[in-house]
Amino acid sequence: MSHKRIPKRKAAIAVGGVVALGAAAILLPSANASQDGAPDDTAAAPRTLKAGDASDLATRLAGTLGDAYAGAWYDGEEKRLVVNVVRGEGDMALKVRSAGAEVREVDNSMAELQAGAGTLKSEATIPGTSWAVDPRTNRILVTADSTVTGDKWDRLESTVESLGSGMATLEKSEGTFRTFVSGGDAIFAGGARCSLGFNVTAGDGSPAFLTAGHCAAAGDAWSDQQGGEPIATVDQALFPGDGDFALVRYDDPATEAPSEVNVGGQTVPIVQAAEATVGQQVFRMGSTTGLADGQVLGLDATVNYPEGTVTGLIQTDVCAEPGDSGGSLFTQDGLAIGLTSGGSGDCTVGGETFFQPVTTALAAVGATLGDGGAGAGAGDGGAGDGGAGAGDQAGAEEQAGGQDAGAEQEQSDMGSDRHSGLTRTH
């Protein structure tokens, strides 16, 4: 099979490397453990953690700290969890340190940040805007695309200013927020192209897959070839509103739907769904731009698309383009994180992108993924001759036929940088 085009923000995977991904050890140095009889305030330096384990620790600490908790993020370079604690809550800071996380004292509580987001929703729900809490700055990150001008810009700016100093940051995007649907290859309905996200097992045990909810607007019957016979039918979909996801059931109950993501000749096994963590490195696979990577920038993001407002999304700096909608967002150690919703920009200039959390989608449609259900799984079409595999194989071959002359050289140039597993190359 020909190579897929690799976007500017690209990622590489080595042959056989995926086998080692799930075996990566969590480094928990014994020196970081509290010694019997040691005071709490001398307990341990921050533990070294994988992003998935940091997310679990953040969830536990959020419950423990209560109102003192003001968000958390993952420091990928140091491989540490950083937890925001409201200034003056010294006892809570000690609990964070004892748990193995780094403490950062901040001024804005989570309740205050959420109240600010509520004000933006009521006063500035303008198409072309988005906002999400950024724990690294302890502020709400508000973004306006190129369509927000004149009175709309003035209204947004005034609302942000009304939140008070140090509560929000307003940025301007050169692109336009839109959902990433297009005509072409991958999975098709009504002339539209989207990307398969993750194979799952529906509540009744039948094979199905998740994709973006806005893709379902193109039609109920989806094919793995443009103009081909339908292979799957939309069962449930949500867009706009409290999410952007759809459950699509394979018409043939014997369809093989493996728990893996096809990244263009190689597969990444998917073991389970997981929550995103700010600062976490993630990879996106889509039918238009192939494999791309970046970082999680914000959680519980609100995006005001032209079609309506969508809440509860993940904000990232991973590039995407039309046709990538519904594609899988995952980690190198096989965690399913999100489904591509939309954003601005492209894979040449970059931009903002938003993803539907997989955990929320699974809970809403009553499906399971990976180890959560026998025979269930995730894949951007790794089913071989059955189900989704044929669609993505066809899409990859069609892309390969139209790639520019420099793509093969780019692939060759990347060879010296490859090693076991996925790696950032930008």
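On a predicted model such as this, the values are computed, not experimentally measured, just so you know.

Our focus in this paragraph is the packing of helix H2 (residues 51-65) against helix H3 (residues 90-99). At a minimum axis distance of 11 Å, the contact between H2 and H3 shows a crossing angle of 155°. Our classification of the angle between H2 and H3 gives roughly antiparallel. Viewed along their axes, H2 and H3 form a crossing whose handedness is right-handed. Where H2 approaches H3, its residues Leu57, Leu61, Thr64 and Leu65 are matched on the opposing element by Met92, Lys95, Val96 and Ala99. Within the contact of H2 with H3, the residues separate by chemical class into 6 nonpolar, 1 polar and 1 charged.

Most of strand E23 (residues 335-343) is tucked away, with 9 of its 9 residues classed as buried. Where strand E8 (residues 178-179) meets E23, 2 bridges bridge the pair, whose relative direction is antiparallel. Across the sheet, residue Arg178 finds its bridge partner in E23, namely Gly343. Pairing of strand E22 (residues 328-330) with E23, which is carried by 3 bridges, proceeds in the antiparallel orientation.

The subject of this paragraph is the pattern of salt bridges. For side chains of opposite charge, pairing can occur when their charged atoms come near one another. Counted under the stated rule, the structure contains 8 salt bridges. Arg80 is the partner of Glu102 in a salt bridge, and the nearest nitrogen-oxygen pair spans 3.9 Å. Taken together, the residues Glu102 in strand E4 (residues 102-106) and Arg80 in strand E3 (residues 80-86) connect sequence positions 22 residues apart. A relative accessible area of 30% means that Glu102 is categorised as partly exposed. Among the salt bridges present, the one from Asp134 reaches Arg136, with a minimum N-O distance of 3.7 Å. Looking at Asp134, the relative accessible area reads 10%, which means it is buried. A residue is classified by how much of its surface remains accessible, and Arg136, at 27% relative accessible area, is partly exposed. Here the salt bridges do not stand alone but share partners, grouping Arg87, Glu105 and Asp107 into one network.

What counts, and at which threshold
Residues numbered from 1 in each chain as written. Predicted model: local features only at pLDDT ≥ 70, side-chain atom pairs only at ≥ 80, totals over all residues. Heavy atoms only, no water. Axes fitted to C-alpha atoms, helices over the stretch in contact; angles between N-to-C directions. Helix = DSSP H or I, 4+ residues; strand = E, 2+ residues; numbered from the N terminus. Parallel < 35°, antiparallel > 145°, perpendicular 65-115°, else oblique. Left-handed = near helix turned anticlockwise from the far one by under 90°. Contact = heavy atoms within 4.5 Å. Nonpolar A, V, L, I, M, F, W, Y, C, P; charged D, E, K, R; others polar. Buried < 20%, exposed > 50% of the residue type's maximum accessible area, 1.4 Å probe, protein only. Pairing = 2+ DSSP bridges. Salt bridge = Lys/Arg side-chain N within 4 Å of Asp/Glu carboxyl O.

All we've got here are geometric facts, nothing functional implied.
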